[in-house]
There are 2 protein chains.
Amino acid sequence: MILNPDEIEQESMRIIEILISGKYSGLAENLPVIKRVIHATADFDFLESLYFSENVINKAHDAIKSGLNIITDTIMLKSGISKTFTQKFGNNIICHVNEPEIYDEAKKLNLTRAIINIERAVKESPSAIYVIGNSPTALIKLCELIKEGRANPALVIGVPVGFVNVIEAKEMLMNLSDIPKIIAQGRKGGSTVACAIVNALLYSA
Amino acid sequence: MILNPDEIEQESMRIIEILISGKYSGLAENLPVIKRVIHATADFDFLESLYFSENVINKAHDAIKSGLNIITDTIMLKSGISKTFTQKFGNNIICHVNEPEIYDEAKKLNLTRAIINIERAVKESPSAIYVIGNSPTALIKLCELIKEGRANPALVIGVPVGFVNVIEAKEMLMNLSDIPKIIAQGRKGGSTVACAIVNALLYSA
């Protein structure tokens, strides 16, 4: 049994490469992100369902290396992003969702905290990197603010998960043609998927 | 589009119930946990792959309500567990994995930090609730310590994910017949799956 962390990582990637061999018809530049998502989920659906806009890996690397803020929709996702790398590039990871003001405003307006969190983040960092791993309402709000010209993200990772508003939210993002984006098409996604994508981009930046 | 959080939750569960209707042959008492995992992943494989030991839901509720510590293998998982409920029942959520001592010892021994984290946790809280969402080496170490009589968890949630040591780790746990357990059989699992299971148990406790 392999107990050395580097060897486990290498062996995992070797097995994934064997299992996806001949099954991927997309661009090679996107494959490291896809492999890391499969590594984090053991779910090969992501080989087909991950959408990458044109040249998004290079654009993501530029955004990371210029030290842009990374906005997340959950504290769980924020926790999972590699601090070793964000500290290296100077990216702050920001999520307001657990702050008392956000609770109060969401309750008052009868909206999700995810929506209020995004509104606040866009006011502070309209051109940041936005990573939505959980809440479709956060992604819908972000897309609305982009359409209104109030947000202009350097990158949107749109991988919310679930059964209500999820497909619609991802379609809204897909239709914003000028925004660099990575989307998990369909219902699947989640904090681990979002986290794997961000960390793959950080490792390779 | 539904933007009220309670309505989104209810509608999600209603859709999941329709989609799994007639496809579940297990015990009704385990279904709320399964539904919450599907809610968190949109992955219906978990309808078949989640294993529940006998009467584990009642045992989990007793463990939670007696305020036992909850040990996790990642900070990400710790972040996702509902603090509203752990505070209500008095459970501390503990994960040492990011502490400098753990880094040093793992590096010295050429082992994963996950292993050292579990060794430390077992010394402090041998009868706690153990939740392993990511690292098979953490689960293997925990199983070894149980076999040696050094750990006696009130509950083990064994849902690590991946391609190396994962199936083996879950089989080790499965063979520990006296331990109350929930296992995601096969390669799949992850922090979101672990988190969904713990939160489902907390909500219903």
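This one's a predicted model, so the numbers in the text were calculated from it and none came from an experiment.

(A) Structural context of the nonpolar core. Grouped together as the largest cluster of nonpolar side chains are 90 residues, with contacts concentrated most on Ile197 and Leu201 of chain A together with Ile197 and Leu201 of chain B. Leave out the neighbours within four places in its chain, and Ile197 of chain A touches Val33, Val37, Leu50, Ile157, Val159 and Ile182 of chain A.

(B) Just the sheet that holds strand β1 (residues 50-52) of chain B, in detail. All names here are of chain B. Taken together, the 6 strands give an open sheet; going across it, the order is β1-β6-β5-β4-β2-β3, and neighbouring strands pair in mixed fashion. The sheet is open, and its two edges are formed by β1 and β3 (93-94), each paired on a single side. This element, helix α9 (residues 136-147), spans β4 (129-132) and β5 (155-158) of the sheet and lies at about 150 degrees to β5.

(C) Structural detail: the environment of Ile94 of chain A. All names here are of chain A. Looking at the element boundaries, Ile94 is found in strand β3 (residues 93-94). Among the residues examined, Ile94 registers a relative accessible area of 18% and is labelled buried. Sequence-wise, Ile94 and Ala114 are 20 residues apart; in three dimensions their C-alpha atoms are separated by 13 Å. Setting aside residues no more than four positions away along its own chain, Ile94 makes contact with Asn69, Ile70, Ile71 and Thr72.

(D) Representation of the packing of aromatic side chains within the structure. Summed over the entire model, instances satisfying the criterion amount to 4 aromatic pairs over all chains. Ring geometry for Phe44 of chain A and Phe163 of chain B: centres 5.8 Å apart, planes at 75 degrees, overall edge-to-face. In this pair, Phe44 of chain A is assigned in the loop between α2 (31-41) and α3 (46-49) and Phe163 of chain B in the loop between β5 and α10 (166-174), connecting two distinct chains. For the ring pair Phe85 of chain B and Tyr203 of chain B, a centre distance of 5.1 Å and an interplane angle of 65 degrees mean the geometry is edge-to-face. Of the two residues, Phe85 of chain B is situated in helix α6 (residues 83-89) and Tyr203 of chain B in helix α11 (residues 191-204); the sequence distance between them amounts to 118 residues. Exposure remark for Tyr203 of chain B: the relative accessible area of 38% places this residue in the partly exposed category. A cation over a ring is seen here: Arg113 of chain A above Tyr103 of chain A, with NZ or CZ 4.2 Å from the ring centre.

(E) Up close: α11 of chain B. The terminal C-alpha atoms of α11 of chain B lie 20 Å apart, and with 14 residues this matches the ideal 20 Å at 1.5 Å per residue to within 8%. Where α11 of chain B is concerned, the buried positions are Ser191, Thr192, Val193, Ala194, Cys195, Ala196, Ile197, Val198, Asn199, Ala200, Leu201 and Leu202 of chain B.

(F) Main features of the packing of helix α1 (residues 5-20) of chain B against helix α2 (residues 31-41) of chain B. All names here are of chain B. Running from N to C, α1 and α2 point in directions that differ by 105 degrees, and their axes come no closer than 10 Å. Relative to α2, the element α1 lies roughly perpendicular. For the pair α1 and α2, contact is made by Glu9, Ser12, Met13, Ile16, Glu17 and Ile20 and by Leu31, Lys35, Arg36, Ile38 and His39, respectively.

(G) Quick look at unusual backbone geometry. Within the chain, Ala42 of chain A stands out as a residue other than glycine whose phi angle is a positive 55 degrees. Assignment of secondary structure puts Ala42 of chain A in the loop between α2 and α3. Here Ala42 of chain A falls in the buried class, since its relative accessible area comes to 7%. The backbone of Asn165 of chain B sits at a positive phi, close to 75 degrees, despite the residue not being glycine. Mapped onto the elements, Asn165 of chain B comes out in the loop between β5 and α10. Overall, the relative accessible area of 7% leaves Asn165 of chain B in the buried class.

(H) Focus on the side chain of Thr112 of chain B. You can see Thr112 of chain B is positioned in the loop between α7 (100-109) and α8 (113-124). A polar contact is formed between the side chain of Thr112 of chain B and the side chain of Thr137 of chain B, at a distance of 2.8 Å. Apart from the residues lying within four places of it in its own chain, the contact partners of Thr112 of chain B are Leu3, Pro5 and Ile8 of chain A together with Ala106 and Thr137 of chain B.

(I) Seen up close, the relation of the copies chain B and chain A. Expressed as a screw transformation, the operator carrying chain B onto chain A has a rotation angle of 180 degrees and an axial translation of 0.0 Å, and the superposed copies differ by an RMSD of 0.0 Å. In the structure described here, the two chain copies are related by an operation that fits a two-fold rotation axis. Across chain B, the smallest distance between a C-alpha and the rotation axis is recorded for Met76 of chain B, namely 2.6 Å. When you check the interface residues of chain B against chain A, 100% turn up at the interface there too, and the contact is symmetric in its surfaces.

(J) Inspection of the interface of chain B and chain A at higher detail. On the side of chain A, 40 residues touch chain B, which itself brings 40 residues to the contact. Interface area for chain B against chain A, summed over the two sides, is near 3,200 Å², with a carbon-plus-sulfur share of 72%. Taken as a group, Met76, Phe163 and Val164 of chain B account for 22% of the area that chain B buries against chain A, more than any other trio of residues on that side. Seen at the junction of chain B and chain A, the total is 2 salt bridges. Between Lys188 of chain B and Asp43 of chain A there is a salt bridge; the shortest N-O distance is 3.8 Å. Linking chain B with chain A are 7 residue pairs in polar contact (both at pLDDT 80 or more), by the criterion used here. For the side of chain B that touches chain A, the elements supplying multiple residues, two or more each, are α1, α2, α5 (75-80), α9 and α11 of chain B. Ranked by the residues each element gives to the side of chain B that touches chain A, the list is headed by α1 of chain B, at 7 residues.

Definitions and cut-offs
- Residues numbered from 1 in each chain as written.
- Chains lettered and ligands numbered in written order.
- Predicted model: local features only at pLDDT ≥ 70, side-chain atom pairs only at ≥ 80, totals over all residues.
- Heavy atoms only, no water.
- Core = buried A, V, L, I, M, F, W, Y, C linked by side-chain atoms within 4.5 Å.
- Buried < 20%, exposed > 50% of the residue type's maximum accessible area, 1.4 Å probe, protein only.
- Contact = heavy atoms within 4.5 Å.
- Pairing = 2+ DSSP bridges.
- Helix = DSSP H or I, 4+ residues; strand = E, 2+ residues; numbered from the N terminus.
- Axes fitted to C-alpha atoms, helices over the stretch in contact; angles between N-to-C directions.
- Phe/Tyr/Trp six-rings, centres within 6.5 Å; stacked < 30°, edge-to-face > 60°.
- Lys NZ or Arg CZ within 6 Å of the ring centre and 35° of its normal.
- Expected span 1.5 Å × (residues − 1).
- Parallel < 35°, antiparallel > 145°, perpendicular 65-115°, else oblique.
- Polar contact = N/O pair within 3.5 Å; in protein donor to acceptor, adjacent residues only side chain to side chain.
- Least-squares fit on C-alpha atoms with pLDDT ≥ 70 in both.
- Buried area = accessible area lost by both parts, 1.4 Å probe.
- Salt bridge = Lys/Arg side-chain N within 4 Å of Asp/Glu carboxyl O.

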